[in-house]
Every structure is written in structure tokens, then in C-alpha cells.
Amino acid sequence: MELSVFNSKGEDTGRKVTLSDAVFGHEPNEHVMYLDVKQYLANQRQGTHKSKERAEISRTTKKLKKQKGTGGARAGSMKSGVFVGGGRMFGPRPRDYSFKLNKKTKRVARLSALSVLARDGKVALVENLAFSAPRTKDFVAVLDGLKLNNGRKTLYVAGEAADKNLLLSARNVQKVKISTAVGLNTHDLLNTDTLLISEDGLRSLEQLYTTNSAE
């Protein structure tokens, strides 16, 4: 697949780049992508939820009524979860939601997500961006030139040695996220409308995924 390279003003430079099939030409594996996204979301959970059980409630333990003859169920404590203000039965406890996923599985998931974006025509190439100073409106101007500042999500892949001013200029722009090739994850790839890749970012992607490394 060939893509045109645009400059920061959204103009076609006349150059074309062929996307590597080793990165963008895989048959998507939906189940593996699901597992990777599931792990990503699970790792975001703090797991600090907690409700008080009957042993943690401060209430009288005096028997409410006599054992028999009332026509109702037996009751021995106001701490019971059947009473308003009592402890919660089988309530949530702090726990760790994270789980292990093999590196090779995550690699396949990311390659599948990249291939899905390429197949759906959601990949665009741009020249390397560099700003002399951190200015948000400069990055917004780039998005305007590329017709990406339309309220839709954009994921920009920069080179490993990304310009610091670029990172600072883009961090306050809504629905825009910047990442490097190493920092990409399946959740962000599937959660974007446009994958905008710089030339350095594309080289990093191809170098990363055409090696024998699993990460």
C-alpha cells in the first residue's frame, strides 16, 4: 500500500511511501486484540473498592426480639445485611485486576490493529514535525492543514527522539494523543479515527516490528 507524504500545511509533497506488509499487512486476529485491550483496561483499574461488612459495622448486638412466637424470621443483630444500615453481604473487596499476557500475543494484537487501520484507510503520513517553542496553536494549525481538527480522534506517532516542544504543544489538544512506536498499545490504536505517522515514526515502527524481538 502506497501513501502520500504531507507537510505540516497539509500539502502533498509529491513523495510516496510504501507501507511494509510486515507491519500493516497482517490478517487481523480479533480475539487477540480483544485480550490485549482487556488487559490494558484491567490494568487501569485501581481495585480500591471496599464496602463495610457486618463485622465492620458499629451497631448494637442486642437481640431485637424473642426467638420464637413473633411470626417472623429470627434476628440476632442489627449488623445483619438484611436490615437498613447493616453490613453489605458479599460486597466488593480490594483486589488486583491485572493479568498476564504473553509478549508474542501482544505483538500480534498490535500488528493486527495496525493492519486494521491500514485496511480501513485510516493511516496518514506527515513530515517530521518540530517546533521552535511549545505553542498549542502551532500544533492546532498543523491539524487544520491536514483537515484532522474536526472533533475526531487522532493518534500521532512520532520518532523515538520526538521534539520536546512538539509534545508540549500537543498535550492540551482534545482528542489528540502522541506516542512513539514503542509506546503504542492496541487500545489506543483501535480507539482512534486517524493514525497520523511521521516519517521517523514510520521508520521506528518498521524497525521495531521487522526484528525478531517480541516487544
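Anything mentioned here points back to the structure above.
Reference entry: report on the structure contained in this document.

Calculation notes
Residues numbered from 1 in each chain as written. Predicted model: local features only at pLDDT ≥ 70, side-chain atom pairs only at ≥ 80, totals over all residues. Heavy atoms only, no water. Helix = DSSP H or I, 4+ residues; strand = E, 2+ residues; numbered from the N terminus. Rg over C-alpha atoms; globule rule 2.2 N^0.38 Å. Buried < 20%, exposed > 50% of the residue type's maximum accessible area, 1.4 Å probe, protein only. Contact = heavy atoms within 4.5 Å. Areas by Shrake-Rupley, 256 points an atom, 1.4 Å probe, with all protein chains shown as cover. Lys, Arg positive; Asp, Glu negative; His and termini not counted. Charge placed at Lys NZ, Arg CZ, Asp CG, Glu CD. Phe/Tyr/Trp six-rings, centres within 6.5 Å; stacked < 30°, edge-to-face > 60°. Lys NZ or Arg CZ within 6 Å of the ring centre and 35° of its normal. Core = buried A, V, L, I, M, F, W, Y, C linked by side-chain atoms within 4.5 Å. Salt bridge = Lys/Arg side-chain N within 4 Å of Asp/Glu carboxyl O.

1. What about the overall build of the protein chain?
In terms of regular secondary structure, the protein chain is built from 7 helices and 6 strands. Tracing the protein chain from N to C terminus, the helices and strands come up as β-β-α-α-α-β-α-β-α-β-α-β-α. The C-alpha radius of gyration computed for the protein chain amounts to 27 Å, which surpasses the reference 17 Å derived for 215 residues by more than 25%, pointing to a less compact arrangement than a globule. By principal-axis analysis of the C-alpha atoms, the protein chain measures approximately 95 × 40 × 25 Å. By residue count, 37% of the 215 residues in the protein chain fall in the buried class. Look at the contacts in the protein chain between residues 6 or more apart in sequence, and 72% of them connect residues 24 or more apart. In the structure as shown, the protein chain presents an accessible area of about 13100 Å², 49% of it carried by carbon and sulfur atoms. Of the charged side chains in the protein chain, 37 are positive and 22 negative, and the gap between their average positions amounts to 21 Å.

2. Thoughts on unusual backbone geometry
Its identity as a non-glycine residue notwithstanding, Lys147 has a phi of 60°, on the positive side. Looking at the element boundaries, Lys147 is found in the loop between helix H4 (136-145) and strand S4 (154-158). In this structure, Lys175 takes a positive phi of about 60° despite not being glycine. Among the structural elements, Lys175 can be located in the loop between helix H5 (164-170) and strand S5 (176-180).

3. Some words on the packing of aromatic side chains
What describes a pair of aromatic rings is the distance from one ring centre to the other and the angle between the planes of the rings. Taken as a whole and assessed by the stated rule, the structure comprises 1 aromatic pair. Ring geometry for Phe139 and Tyr156: centres 6.5 Å apart, planes at 80°, overall edge-to-face. With Phe139 in helix H4 and Tyr156 in strand S4, this residue pair connects regions lying 17 residues apart in the sequence. Both residues of the pair, Phe139 and Tyr156, count as buried. Here the guanidinium or amino end of Lys38 rests over the ring plane of Phe99, the centre of that ring lying 5.9 Å away. The ring centre of Tyr97 lies 3.9 Å from the NZ or CZ of Arg95, which sits over that ring.

4. A short note on the nonpolar core
By size, the foremost hydrophobic cluster in this structure holds 25 residues, and its most contacted members are Phe24, Leu114, Val123, Leu189, Leu195, Ile197 and Leu205. Among the elements of the structure, strand S1 (2-6), helix H1 (21-24), helix H3 (103-119), strand S3 (123-126), S4, strand S6 (194-198) and helix H7 (199-209) are those that each provide at least two residues to this core. When residues of this core are assigned to their parent elements, the largest contribution, 6 residues, is made by H3. Here Leu189 is in contact with Arg110, Ala113, Leu114, Leu117, Leu155, Leu184 and Leu195, once residues within four sequence places are set aside.

5. Some points on the pattern of salt bridges
One side chain can pair with another of opposite charge once the charged atoms of both are near each other. Scanning the entire structure with this criterion turns up 8 salt bridges. Between Arg15 and Glu199 there is a salt bridge whose closest N-O contact spans 2.7 Å. Here the residue Arg15 occupies a position in strand S2 (residues 12-18), and Glu199 occupies one in helix H7, the gap between them amounting to 184 residues. We note a salt bridge from Arg203 to Asp200, for which the minimum N-O separation is 2.3 Å. With Arg203 and Asp200 both in helix H7 and 3 residues apart, this pair spans about one turn of that helix. Looking at Arg203, the relative accessible area reads 48%, which means it is partly exposed. Residue classification places Asp200 among the partly exposed residues on the basis of a relative accessible area of 32%.

Geometric descriptors of this kind do not, in isolation, establish any biological role.
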